[in-house]
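Understanding the architecture of this molecule
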Amino acid sequence: MTAPDAGRGIGNGESAAEITTTFVGLPRDSFRILHVSTGNVCRSPITERLTRHLVTDRLGAFLGGGLVVESAGTWGHEGAPMEANAEAVLAEFGADASGFVGRELLDEHVIRADLVLTATRDHRAQVISMGHSAGLRTFTLKEFTRLVRAIDPATLPPTSEGVVVRARALVRAAAALRGWLLAPTAEADEVYDPYGAPLPFFQSIGDEIHEALDPVVTALTGVPARM
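First, a word on what this report is: a plain description of the structure on this page. (Residues numbered from 1 in each chain as written. Predicted model: local features only at pLDDT ≥ 70, side-chain atom pairs only at ≥ 80, totals over all residues. Heavy atoms only, no water.)

A closer look at helix α7 (residues 163-177)
Operational definition: Helix and strand assignments follow DSSP, with helices taken as H or I runs no shorter than four residues and strands as E runs no shorter than two, numbered in order from the N terminus. The span expected for a helix works out to 1.5 Å for each residue beyond the first. Relative accessible area decides the class of each residue, using a 1.4 Å probe on protein chains only: under 20% of the type maximum gives buried, over 50% gives exposed, and in between gives partly exposed.
Under the 1.5 Å per step criterion, the end-to-end length of α7 is 21 Å for 15 residues, consistent within 8% with the ideal 21 Å. Among all positions of α7, only V163, V164, R166, A167, A169, L170, V171, A174 and A175 are buried.

Here you go:
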């Protein structure tokens, strides 16, 4: 199996063999974000590459290097390219879609992840059902956004302590709030699947994902979006 791309910094360039032999005892100077959808060709690739783009835009590739952003699918199309409409959406945001290869969600991906963000509640349930103490670090994307908005940035470690320390504290704070800030509706935490849909629907999903990611990246980095 080939990882999503061969990039460095906030990307993932490791093979499956490397993953399975190194997930135990990883150095703690990195923080892994895993985005999960169904096929890993539409929603999770958009979310992965937008996250990388937004982090790099705020911090630059060097300062954002402690964040490793990946994706996989619960029924992942192993080795498949990203959907063309997903690539088009990323291009509109100025994000890099090159080199992406789909992959199926495996235990080691969950084991390695410090934060798992899923497209839907069903995906969240599937990740948690895999075990590996994933419950406290697995959220739907929109759920995590809602929780992050309620966290006072002043309670997080300052950015001078590094993005990894701040990211770990953010996940702990969000997990502590989960039982207190419920979704207003069952659909509020869902990002619907645009697979097979025309470009305008992909664009609407891209806008949803971007809107959800923006406050998350601001909280992670301590740097607001440029006006």
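This is not the end of the story, as more comes after the structure.
Topic: the sheet that holds strand β2 (residues 67-73)
Condition: For two strands to be treated as a pair, DSSP must find no fewer than two bridges joining them. A fitted line through C-alpha atoms represents every axis, and for helices the fit uses only the stretch in contact; the resulting angles, taken between N-to-C directions, go from 0 to 180 degrees. Residue contacts are counted whenever heavy atoms from the two residues lie within 4.5 Å of one another.
Overall, parallel pairing links the four strands, which are arranged β2-β1-β3-β4 in an open sheet. Pairing within the sheet leaves two strands with one partner each, and these edge strands are β2 and β4 (138-140). The sheet shows a mean angle of 25° between the axes of neighbouring strands, direction not considered. Here strand β1 (residues 31-37) runs beside β2; their pairing, made up of seven bridges, is parallel. Note on β2: the bridge partner recorded for H35 is S71. Its contacts with the sheet put helix α5 (residues 121-129) on β1, β3 (115-118) and β4, and the angle it makes with β4 is roughly 170°. Relative to β1, α7 is tilted by about 50°, and along the sheet it contacts β1, β2, β3 and β4.

As for the side chain of D189
With respect to the secondary-structure elements, D189 resides in the loop between α7 and α8 (199-221). In this structure, D189 is in contact with A119, T120, R121, T140, K142, E143, R146 and A183, ignoring residues within four places of it in sequence.

Description of the side chain of R58
Within the element layout of this structure, R58 appears in helix α2 (residues 43-63). By relative accessible area, R58 is classed as buried at 10%.

Focus: the pairing of β3
Burial of the side chains of β3 extends over both faces: L115 and L117 are buried on one face and V116 and T118 on the other. Pairing between β1 and β3: four bridges, direction parallel. In the strand pairing of β3, V36 is matched with T118. When β3 meets β4, the two strands line up parallel, connected through three bridges. From the neighbouring strand, L117 faces β4, where its bridge partner is F139.

Looking at the packing of aromatic side chains
Two descriptors summarise a pair of aromatic rings, namely the distance from one centre to the other and the angle between the planes of the rings. Rule in force here: Planes of paired rings set the category: under 30 degrees apart is stacked, over 60 is edge-to-face and the rest tilted, where pairs are Phe, Tyr or Trp rings (Trp by its six-membered ring) whose centres lie within 6.5 Å.
According to the stated counting rule, one finds one aromatic pair in the structure shown. Judged by centre distance (4.9 Å) and plane angle (55°), the ring pair of F139 and F144 falls under tilted. Judged by its relative accessible area of 0%, F144 falls in the buried class.

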